[in-house]
Amino acid sequence: MSDPRFIQKGFDNCLAHLVEECGEVLAAAGKTQRWGPWSVNPLLKPSDPLYLETNVIWLERELDDLDGAIKRLREAITDGDRM
């Protein structure tokens, strides 16, 4: 989930955030397809907070972030926010 301290307002920023999140969903979907939904990243160390996160959990997390980016962009469009 995006940290609210770093969310920028305005249509252009919301659109940029949407594009970024789409890329992250594509990365997670690609790894999930390539290595399987229950595979984990073997390069992560036990001290990493994402250690043993499966690809399908990663994909879900990225989809949640994308949902948030879509929501913010829709709000910017509705509000007519051009900044």
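Everything quoted here is computed from the prediction, not taken from an experiment.

Caption draft 1: Local environment of the pattern of salt bridges. Scanning all chains against the criterion turns up 3 salt bridges. Of the charged contacts, one joins E53 and R61 as a salt bridge, the two residues approaching to 2.9 Å between their closest N and O atoms. Owing to a relative accessible area of 17%, E53 belongs among the buried residues under this scheme. Using a relative accessible area of 26% as the deciding quantity, one classes R61 as partly exposed.

Caption draft 2: Structural context of the side chain of T54. Here T54 is to be found in the loop between α1 (11–35) and α2 (55–79). For T54, a relative accessible area of 15% puts it in the buried group. Discounting residues that sit within four places of it in the chain, T54 has contacts with P37, W38, S39 and V40.

Caption draft 3: A look at α1. Given a rise of 1.5 Å per residue, 25 residues ought to cover 36 Å, and the 36 Å separating the end C-alpha atoms of α1 matches this to within 8%. Considered for burial, the residues of α1 that qualify are C14, H17, L18, E21, V25, A28 and T32. Where α1 is buried, its residues contact α2. Two residues or fewer past α1, G36 is found with a positive phi of approximately 100°.

Caption draft 4: Representation of α2. Here α2 is 25 residues long and its end C-alpha atoms lie 36 Å apart, about the 36 Å a rise of 1.5 Å per residue gives. The positive-phi residue at the C-terminal boundary of α2 is G80, with phi of around 65°.

Caption draft 5: Examining the environment of L43 more closely. Examined against the element boundaries, L43 turns out to sit in the loop between α1 and α2. A relative accessible area of 73% places L43 in the exposed class. Each C-alpha atom of the pair L43 and C14 lies 32 Å from the other, and the pair is 29 residues apart in sequence.

Each value, and the rule that gives it
Residues numbered from 1 in each chain as written. Predicted model: local features only at pLDDT ≥ 70, side-chain atom pairs only at ≥ 80, totals over all residues. Heavy atoms only, no water. Salt bridge = Lys/Arg side-chain N within 4 Å of Asp/Glu carboxyl O. Buried < 20%, exposed > 50% of the residue type's maximum accessible area, 1.4 Å probe, protein only. Helix = DSSP H or I, 4+ residues; strand = E, 2+ residues; numbered from the N terminus. Contact = heavy atoms within 4.5 Å. Expected span 1.5 Å × (residues − 1).

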